[in-house]
Amino acid sequence: MSRFAYVNGRYVPHAQASVHVEDRGYQFADGVYEVIALRNGLPVDLGLHLDRLNRSLAALFIDEPMPRRALVHVLRQVVKKNRVRNGIVYVQVTRGVAPRNHPFPRHVPPALVITARPRVGPRADQVENGIRVLTMADARWARCDIKAIALLPNVLAKQQAAEAGAYEAWLTTPDGSVTEASASNAWIIEADGTLVTHPLGQAILPGVTRAVVLDIARQAGIPVTERPFTVAEAKAAREAFITSTTSLVLPVVQIDDVVIGNGHPGEVARRLRALYIDHMSGKSAGWDAEGHLGS
Ligand SMILES: Cc1ncc(COP(=O)(O)O)c(C=O)c1O
């Protein structure tokens, strides 16, 4: 099936979709992005993603490329043209095209690219058996709360993990705390059953899945604490897992060379994954772009 991308006002065949060499995203990584899950052809938690997109844009002083209603229309067209049922839609906004110079260009509109594709995320055996993560120093900048396209430290971390046969990298501070993972949020479950994840702030991305899972857990009566946890705590935890738009809730069964629990996906992580999948198929999926938790 042929694929289409939206590039600065035009729907173009994917193979010919390109941006200018002086797009500031290309030259400076001067832009932001969102990845939104598609379930049965509908976006999941669209409003929460578009709210975060606007927060990222505002933090970098980039104008919104178009009003929200128009953006939702274009997203819908891209999903429709690509006939994606289950997959993702990707949105990237950069500061636009201008002769290369560090200060912001004046009177330059932001550049907007949207693509969609099916089948992303972990393999069935990784969901079934759980994954291994590798811990390493968090080498990112001081504003990890902005979903910026500048992902070089994340790319290097994920590559290092992949070369060691691990699915993800858990990023650590000098005091031994885990902030998050290279492309997901990190969680543990303590011996007493409390769910622990790093608090919001500039050290982590405010994951949409993280917010929804916190909500789901509270509704299910699972105790939750938002505080930093250490690698040592994680290795002694009853369970561990990651959350993201593409991994959903994915159990972690090994951290570095330490097996977590009995080495199989934990009961709470499996339950949260099932509840999250229900959430994806429920009223959180749809083109209503109001930013609210859909549960
Ligand atoms: C660094 C980082 N943390 C967390 C997440 C999870 O965010 P979300 O649940 O919104 O996909 C991502 C997703 O790409 C990420 O890149």
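Residues numbered from 1 in each chain as written. Predicted model: local features only at pLDDT ≥ 70, side-chain atom pairs only at ≥ 80, totals over all residues. Heavy atoms only, no water.

Peer 1: Give me the site of the ligand: which residues, what numbers.
Peer 2: With respect to spatial proximity, 18 residues lie near the ligand, and among them R52, E180, V208, T209 and T245 are the closest. R52 places a polar side-chain atom, nitrogen or oxygen, 2.8 Å from an oxygen atom of the ligand. Between an oxygen atom of the ligand and a side-chain N or O atom of K147, the distance comes to 3.0 Å. Here the ligand has 390 Å² of accessible area as a free molecule, and 93% of this is covered by the chains. Its residues assigned to classes, the shell around the ligand shows 5 nonpolar, 9 polar and 4 charged. (Near = heavy atom within 4 Å. Polar contact = N/O pair within 3.5 Å; in protein donor to acceptor, adjacent residues only side chain to side chain. Areas by Shrake-Rupley, 256 points an atom, 1.4 Å probe, with all protein chains shown as cover. Nonpolar A, V, L, I, M, F, W, Y, C, P; charged D, E, K, R; others polar.)

Peer 1: Describe the domain arrangement of the chain, listing the residues and the values that go with them.
Peer 2: One widely used convention gives an interface's size as the accessible area the parts lose upon coming together. For the chain, the assigned domains are domain 1 (4–118) and domain 2 (124–281). Distance between the C-alpha centres of domain 1 and domain 2: 26 Å. Contacts between the two partners involve 24 residues from domain 1 and, on the opposite side, 20 residues from domain 2. Carbon and sulfur atoms supply 68% of the area that domain 1 and domain 2 bury against each other, a total of about 1700 Å² over both sides. When the buried surface of domain 1 facing domain 2 is broken down by residue, Y33, R39 and R52 rank first, second and third, together holding 36% of it. Put simply, domain 1 and domain 2 have 0 salt bridges between them. Our count for the domain 1 to domain 2 interface comes out at 5 residue pairs in polar contact (both at pLDDT 80 or more). (Domains from an automatic or database assignment. Contact = heavy atoms within 4.5 Å. Buried area = accessible area lost by both parts, 1.4 Å probe. Salt bridge = Lys/Arg side-chain N within 4 Å of Asp/Glu carboxyl O.)

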